[in-house]
Amino acid sequence: MPDDLAPLLAELRRTAVERDKRGGHPAEEKALLQNAGLLRLSIPKVDGGDERPWPEIFALVRRVATVDSALAHLLAFHHLQVATLRIYGSEAQQRHWLGRTIAEGGWWGNAMNPLDPGLTASDHPDGYLLDGTKGFCSGARGSRYLTLTAQHPAGGAFVIGVVDTDQAGIVVNDDWDPIGQRQTDSGSVSFRQVLLRREDVLRPHGAVLSPFHTLRNCFGQLTLANLYLGIAIGARDEAREFARQRARPWIAASVQEATEDPYTLLRFGEIHVQIAAADALAERAATAIQASFERGPELTERERAETAAAIAEAKVIAHRAGLFASQELFEVVGARGTRASLGYDRFWRNVRTHTLHDPIDYKLAMLGRWSLNGEYPPPNMYT
């Protein structure tokens, strides 16, 4: 883990408001993350990487998200694809693709949206032939490699594979136009007669999945929880700086400083408690996923279920903390804090965009079944 990220975080924060307004591809900022060595963290030492523990990597994602949740999203999704390869890939596949990642300094992009059946994989003598379009492909633009899922005509489980992003027949579309997370390059990717070579198939369509395989879904969910939490911390930090340096107490408060206003103190207390709870649960979940990852193919259904439940708990609380802190930010800064140049609205827009990824109601219902009836969380793409 890099020793001092403060200069990098300060630079991302300095440009965050302007880049949020502009949107588009953050090529220069991604280069800063790459040059800081942050793409190496999850790659095994045998491939030239740093092989840091997952709790450290998730903590780093939170730190970056405090100043720029879009760049944190790109960084987190890079490591999510590395995790995908480490979970599904054979030893030869891992050595090839992760070795290239280190040698080329390449970014990983994602084309694994499980709710989008628009990409099909038909049988080919040398593997599968890919046709169609996949939406919400975070990090695809500017990436060197893509993980993907595609539906086989025979049905059953998705095919999972890896391709070079610049492979003939692949077009990364510039069609990402959200209210938040504007620089996550999460547009669609089109495939036209693209060969997914047999040696690059991580999971054929008829494969039987083990509990360890479905741990990839847990990594995706914990990634989101840490992004929400980072946004909450970032909103809190901006509110605190404004309250200390620029805010005024309300006329009826009978105090001299905004930091002594009783209702401001109440709001900061609420924000503090929610962030503290989300942080504790996120750390616990990261410890659980590290232990499950280390179990490898020996991971049991019960162990996988306990990890999934811990992650769901963290995600629900981080979801709430992110929305709460980004809303209460405005109660602290008041009318003067609504100046567009301050860009405080980006925290709420970013977390609101992201928390719609999968419904919190269904997460709570799943936890209810786990708590009340002892039902294991189903090992699907969102649990």
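Residues numbered from 1 in each chain as written. Predicted model: local features only at pLDDT ≥ 70, side-chain atom pairs only at ≥ 80, totals over all residues. Heavy atoms only, no water.

Engineer: Requested: an account of the nonpolar core, with residues and values cited.
Structural biologist: Ranked by size, the top nonpolar core spans 83 residues in total, and within it Leu 215, Phe 219 and Ile 289 carry the most contacts. The element best represented in this core is helix α6 (residues 215–245), accounting for 16 residues. The contacts of Phe 219, once residues within four sequence positions are left out, are Trp 54, Phe 58, Leu 80, Ala 83, Ile 87, Ile 289 and Phe 293. Grouped together as the second largest cluster of nonpolar side chains are 18 residues, Leu 119, Ala 150, Leu 196 and Val 201 included. (Core = buried A, V, L, I, M, F, W, Y, C linked by side-chain atoms within 4.5 Å. Buried < 20%, exposed > 50% of the residue type's maximum accessible area, 1.4 Å probe, protein only. Helix = DSSP H or I, 4+ residues; strand = E, 2+ residues; numbered from the N terminus. Contact = heavy atoms within 4.5 Å.)

Engineer: Account for the sheet that holds strand β1 (residues 108–111), with residues named and values stated.
Structural biologist: Read across the open sheet, the four strands follow the order β1-β4-β5-β8; overall the sheet is mixed. Of all strands in the sheet, those bounded by a partner on one side alone are β1 and β8 (201–203). Between one strand and the next, the sheet's axes are offset by a mean angle of 25°, whatever the strand orientation. Of the strand pairs in this sheet, strand β5 (residues 159–164) and β8 are connected by two bridges, and their pairing is antiparallel. Looking across to β8, one finds that Gly 161 is bridged to Val 201. (Pairing = 2+ DSSP bridges. Axes fitted to C-alpha atoms, helices over the stretch in contact; angles between N-to-C directions.)

Engineer: I'd like a description of the environment of Gly 206, backed by residues and values.
Structural biologist: With respect to the helices and strands, Gly 206 occurs in the loop between β8 and α6. Distance from Gly 206 to Ser 326, taken between C-alpha atoms, is 45 Å for residues 120 residues apart in sequence.

Engineer: Lay out a positive patch on the surface in plain terms, naming residues and giving numbers.
Structural biologist: Together, Arg 246, Arg 248, Arg 336 and Arg 339 line one region of the surface with positive charge. Mapped onto the elements, Arg 246 comes out in the loop between α6 and α7 (262–295). Residue Arg 246 is classed as partly exposed on the basis of its relative accessible area of 37%. (Patch = residues over 30% accessible without salt bridge, like charges linked within 9 Å, V, L, I, M, F, W, Y side chains within 5 Å. Areas by Shrake-Rupley, 256 points an atom, 1.4 Å probe, with all protein chains shown as cover. Salt bridge = Lys/Arg side-chain N within 4 Å of Asp/Glu carboxyl O. Lys, Arg positive; Asp, Glu negative; His and termini not counted. Charge placed at Lys NZ, Arg CZ, Asp CG, Glu CD.)

Engineer: Which residues make up the packing of aromatic side chains, and what values do they have?
Structural biologist: Summed over the entire model, instances satisfying the criterion amount to twelve aromatic pairs. When the ring of Phe 58 is compared with that of Phe 219, the centres are 6.4 Å apart and the planes differ by 25°; the resulting orientation is stacked. Pair noted here: Phe 58 is in helix α3 (residues 54–67) and Phe 219 is in helix α6, with a separation of 161 residues, a long-range link. Summarising the burial analysis for this pair, Phe 58 and Phe 219 share the class buried. Where Trp 108 meets Tyr 145, the ring centres are 4.9 Å apart and the plane angle is 45°; that geometry is what we call tilted. Of this pair, Trp 108 sits in strand β1 while Tyr 145 sits in strand β4 (residues 145–150), and the two are 37 residues apart along the sequence. Across the pair, exposure class does not vary: Trp 108 and Tyr 145 are buried alike. Every member of this aromatic cluster is reached through a ring pair, and the members are Trp 54, Phe 58, Phe 212, Phe 219 and Phe 293. Sitting above the plane of the Trp 107 ring, Lys 30 keeps its charged end 4.5 Å from the centroid. (Phe/Tyr/Trp six-rings, centres within 6.5 Å; stacked < 30°, edge-to-face > 60°. Lys NZ or Arg CZ within 6 Å of the ring centre and 35° of its normal.)

Engineer: I'd like to hear about the pairing of β1, residue by residue, with values.
Structural biologist: Along β1, one buried face is formed by Trp 108 and Asn 110 and the opposite face, lined by Gly 109 and Ala 111, is buried too. Taken together, the four bridges between β1 and β4 define a ladder with parallel strand orientation. Within β4, the residue paired with Asn 110 across the bridge is Thr 147.

Engineer: Which residues make up the sheet that holds strand β6 (residues 170–172), and what values go with them?
Structural biologist: Here four strands make up an open sheet; going across it, the order is β2-β3-β7-β6 and the pairing antiparallel. Whereas interior strands pair on both sides, the edge strands pair on one side only; in this sheet they are β2 (119–124) and β6. Taking each pair of neighbouring strands and ignoring which way they run, the sheet shows an average axis angle of 20°. Bridge analysis of strand β3 (residues 127–134) against strand β7 (residues 189–197) gives seven bridges, and the strand direction is antiparallel. Looking across to β7, one finds that Tyr 128 is bridged to Leu 196.

Engineer: I'd like a description of the pairing of β2, backed by residues and values.
Structural biologist: In this structure, β2 lies alongside β3, joined through six bridges in antiparallel fashion. Paired with Ser 122 across the bridge in β3 is Leu 129. In this structure, the hairpin formed by β2 and β3 is closed by a connection of two residues.

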